[in-house]
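# Summary of the model geometry
Each chain, letter by letter, is given below.
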Amino acid sequence: MPDQHSHRQLPRPGRLAAIALGLSFLSALAGCTTTAAPGQPYAGTNQKTCADLNAMSIPATAIGLPTGGARVTRAETVAAAGDGAKAIGAYCKVLGEIAPVDPAAPAIRFQLDLPAQWNGRALMLGGGGYNGTIPDPAANVPAGPADRPTPLGRGYATFSSDSGHQANATTSRDGSFGLNDEALRNFSGDAIKKTHDAALHLIAARYGAKPGKTYFAGGSTGGREALLAAGNWPGDFDGAIALYPAWNAVALNLQFGRITQALARPGAYPSPAQRKLLYDAAMAACDGLDGAADGVISNIDACNATFDPATAKLNGVPLRCPDGGSGGNCLSDAQIAAFKVISTPLQLDYTLASGETTYPGFNTWGTNWGTGGAGMQATILTLGLGTLQPASPMPAVNANGSPPYHSTFWDQWVRYFVTRDAGYDWAKLDGQHPGPWQNRIVQLNGLQDANRTDLSAFQARGGKILIAHGTADALVSTQATRQYIERLRAAMGRERLDGFVRYYEIPGYGHVFGTAFNAAWDSLTLLENWVERGIAPAHPVVTDTAGVPGRTRPLCAYPGWPQYQGSGSLDEASSFRCVLQ
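Note that the coordinates shown come from a computational prediction; the quantities given were computed from them, not determined experimentally.

We now examine the environment of Pro 270. Of note, Pro 270 is situated in the loop between helix H5 (249-263) and helix H6 (272-286). Separated by 60 residues in sequence, Pro 270 and Cys 330 have C-alpha atoms that sit 9.7 Å apart. The contact partners of Pro 270, leaving out residues within four places of it in the chain, are Leu 263, Arg 275, Gln 335, Phe 339 and Leu 385.

Let us look at the state of the cysteines. Formally, a disulfide is one covalent bond, and it connects the sulfur atom of one cysteine to the sulfur atom of another. Taken as a whole and assessed by the stated rule, the structure comprises four disulfides. Each sulfur of the disulfide joining Cys 50 and Cys 92 lies 2.0 Å from the other. Looking along the S-S bond of the Cys 50-Cys 92 disulfide, the torsion reads about 70 degrees, which is the right-handed sense. Residue Cys 50 is found in the loop between helix H1 (12-30) and strand E1 (57-58), and its partner Cys 92 is found in strand E3 (residues 91-98); the two are separated by 42 residues along the sequence. Take Cys 50 and Cys 92: they sit in the same class, and that class is buried. Disulfide pairing is shown between Cys 556 and Cys 578; the S-S distance is 2.1 Å.

Moving on, we get to the environment of Val 101. Among the secondary structure elements, Val 101 is positioned in the loop between E3 and strand E4 (108-115). Considering only alpha carbons, one finds Val 101 and Gly 68, 33 residues apart in sequence, at a separation of 5.3 Å. In contact with Val 101, not counting residues within four places along its chain, are Pro 66, Thr 67, Gly 68 and Glu 182.

Another aspect to go through is the environment of Gln 483. When you line up the elements, Gln 483 lands in helix H13 (residues 478-492). Counting along the chain gives 446 residues from Gln 483 to Ala 37, while the straight-line C-alpha distance between them is 37 Å.

What follows covers the pairing of strand E14 (residues 501-506). Burial of E14 is extensive: six of the six residues sit out of reach of the surface. Covered by surrounding structure in E14 are Val 501, Tyr 503 and Glu 505 together with Arg 502, Tyr 504 and Ile 506, the residues of both alternating faces. Of the pairings in the sheet, the one linking strand E13 (residues 464-470) to E14 comprises six bridges and is parallel in character. Pairing of Ile 465 across the sheet is with Val 501, part of E14. Here E14 runs beside strand E18 (residues 556-557); their pairing, made up of two bridges, is antiparallel. Its bridge partner lying in E18, Tyr 504 is registered against Ala 557.

Below, the discussion takes up empty space enclosed by the protein. Per the stated rule, a full pass over the model turns up four cavities of 30 Å³ or more. Roughly 110 Å³ of internal volume is contained in the largest cavity. Along the wall of the largest cavity there are 15 residues; nearest its centre are Asn 368, Ile 380, Ala 472, Gly 510 and Phe 513. A class-by-class count of the residues in the lining of the largest cavity yields seven nonpolar, eight polar and no charged.

Glancing now at the side chain of Thr 481. Structurally, Thr 481 is set in helix H13. Residue Thr 481 is classed as buried on the basis of its relative accessible area, which comes to 1%. Leaving out residues up to four positions away in the same chain, Thr 481 has contacts with Pro 245, Trp 247, Ile 467, His 469 and Tyr 503.

Time to look at the nonpolar core. Residues Phe 307 and Trp 413 are the most contacted members of the largest nonpolar core, which totals 125 residues. With 12 residues, the top contributor of residues to this core is helix H3 (residues 181-207). Setting aside residues no more than four positions away along its own chain, Trp 413 makes contact with Tyr 130, Val 250, Asn 253, Leu 254, Val 418, Ile 441, Leu 444 and Gln 448. The next biggest cluster of nonpolar side chains, apart from the first, holds 26 residues, and it includes Val 141, Ala 217, Leu 243 and Ala 468.

Our next topic: the layout of surface pockets. As a volume, the largest pocket reaches approximately 780 Å³. Contributing to the lining of the largest pocket are 39 residues, with Gly 127, Gly 128, Gly 129, Ser 220 and Val 512 lying nearest its centre. Where the lining of the largest pocket is concerned, the elements lending two or more residues are helix H4 (221-232), H5, helix H9 (376-383) and helix H10 (405-418). Considering every element that reaches the lining of the largest pocket, the biggest residue donor is H5, with four residues. Residue composition of the lining of the largest pocket, by class: 20 nonpolar, 17 polar and two charged.

What follows covers the packing of H3 against helix H11 (residues 438-448). Between H3 and H11, the shortest axis-to-axis distance is 9 Å and the interhelical angle comes to 50 degrees. In terms of orientation, H3 and H11 fall into the oblique class. On H11, the residues that touch Leu 184, Arg 185, Phe 187 and Ser 188 of H3 are Arg 440, Leu 444, Leu 447 and Gln 448. Here the residues of the contact of H3 with H11 are counted per class, giving four nonpolar, two polar and two charged.

Right, let's talk about the pairing of E3 for a bit. When you tally the buried positions in E3, you get six out of eight residues, the bulk of the element. Taken together, the eight bridges between strand E2 (residues 70-78) and E3 define a ladder with antiparallel strand orientation. Within E3, the position partnered with Arg 74 by the bridge is Leu 95. As defined by bridge partners, E3 adjoins E4 across eight bridges and the pair is classed as antiparallel. By the bridge assignment, Gly 96 is partnered in E4 with Phe 110.

Of note, the amide linkage connecting Ser 392 to Pro 393 takes the cis form, showing an omega dihedral of 0 degrees. For Pro 393, the position within the fold is in the loop between H9 and H10. Following Tyr 558, the chain continues into Pro 559 via a peptide bond in cis, with omega recorded as 10 degrees. By the secondary structure assignment, Pro 559 is in the loop between E18 and strand E19 (561-564). Unlike most non-glycine residues, Ser 220 shows phi in positive territory, near 65 degrees. Within the secondary structure, Ser 220 sits in the loop between strand E7 (213-219) and H4. Phi is positive for Asn 315, which is not a glycine, with a value near 55 degrees. Assessed through its relative accessible area of 77%, Asn 315 is described here as exposed.

Rules and cut-offs
Residues numbered from 1 in each chain as written. Predicted model: local features only at pLDDT ≥ 70, side-chain atom pairs only at ≥ 80, totals over all residues. Heavy atoms only, no water. Helix = DSSP H or I, 4+ residues; strand = E, 2+ residues; numbered from the N terminus. Contact = heavy atoms within 4.5 Å. Disulfide = S-S within 2.5 Å. Buried < 20%, exposed > 50% of the residue type's maximum accessible area, 1.4 Å probe, protein only. Pairing = 2+ DSSP bridges. 1 Å grid on protein atoms, 1.4 Å probe; cavity = no way out; pocket = protein on both sides within 12 Å on 5 of 7 lines; lining within 4 Å. Points joined across faces, edges and corners; volume = space filled by probe spheres on them. Nonpolar A, V, L, I, M, F, W, Y, C, P; charged D, E, K, R; others polar. Core = buried A, V, L, I, M, F, W, Y, C linked by side-chain atoms within 4.5 Å. Axes fitted to C-alpha atoms, helices over the stretch in contact; angles between N-to-C directions. Parallel < 35°, antiparallel > 145°, perpendicular 65-115°, else oblique.

In structure tokens form, the structure reads like this:
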């Protein structure tokens, strides 16, 4: 089998080469001695024009991991547009490629937006799924409020990459790049460092100065990337925003496999209408557990402990079909069993490289699994259970429909990451008892996941991390993010961790979108204040843009949740208090 080791596991010559490259990069960056003041308009000398960046080459020595160097493929000025919070001033749009070492590996394609009025800061945006496309650097951070300017609109130099491969028609579910070692390492985290170094080289060339502060923001895979950025390259980033982070990607994939097996059984796949019945029944049973009938299940732990679809009723009618058989307006025993697999943890009979032996269940009750509709409902349907039952071979993703997002994700991971056999049948691999594939799975866990629990180096330079996760996430379990926080607390101590990491759960918010509560949160301003001014988050508030547009809730630091105090408007955060039980 070809060498699958990450750069952290290179043999001695490789390690020496990586160290030499890192020193060369630091030396090259040190040549730019000016550092911009963050948050202040920068008007230094020795600046290049946008046109000057066209066809610029970046030597391999300027990038801290092995590459074939990088080049600008296009640089063009984009005129100012928009008004109010949507206003974005003129900027230089730079497209580039980072060449691989392996000629068979794809290049890393990136985009860097350089505002004419620079505020001395830089922000890297993360991707999603298996990546394969370049996230728009002009976009907002995950859950960023529409009434606040985007990072580029604020004057940030913003950048992102496709993480080192170009997706096919399966888009963010295309895992075929996993056949190539370098492409796999790039996706697993190396592209973060390579893209960062190339972007900062160009920022220094354009402005004649280095950013005063550099941040990372992402959700899902981008959330995993945010945690990797802080943990693996603490000297490169000053702060990170991680929403619904898929930090333990391998354990999550194994849970995806378990769920896919359950949904593929005869009669187990629920229709969108049946998913709606489950959602409504859970809402009827659990909405009031937080003291308020407001269409949001805030006391999710109580709901998980008490709700049972086998005995639940909706409007006095049992949710379970008579005798457990099939029916359009009820759930069969096979469907209930599938949902209970989703809600319960994966248990492994072996230990992953991270020490994990489990992946927790999802907050299944009260989560929108895709009930159909337009707008955000269409995205929720795609990220949820989709429109086609998983099968072997896995149905294709196309305009006519798709299997559950997680099922295609699992199928691709089995074929291209684990077995590296494009014709392998996903149904033949039992992730709990993988037999000859166990060592490969453990190896991938060491490569893909954000397993570092000692963030001392990041803390020492004043770095801060904001993490948030919706309790109605259908793709990454909120319980897994709790697991991550508990691991950090065990390694570093709770009080120490609270000094630079905060984790908030958002009731009713899903993966990217939420129909009960769609979060808008100005995390970037919060992070700026914490990093640059030493103002720690105090009583943050999140705003709903979908369930009841404009209503607010307190963001409660885990393990807290917002409980209604018994009086006051249900639409005001001040009517709620964060409680632990």
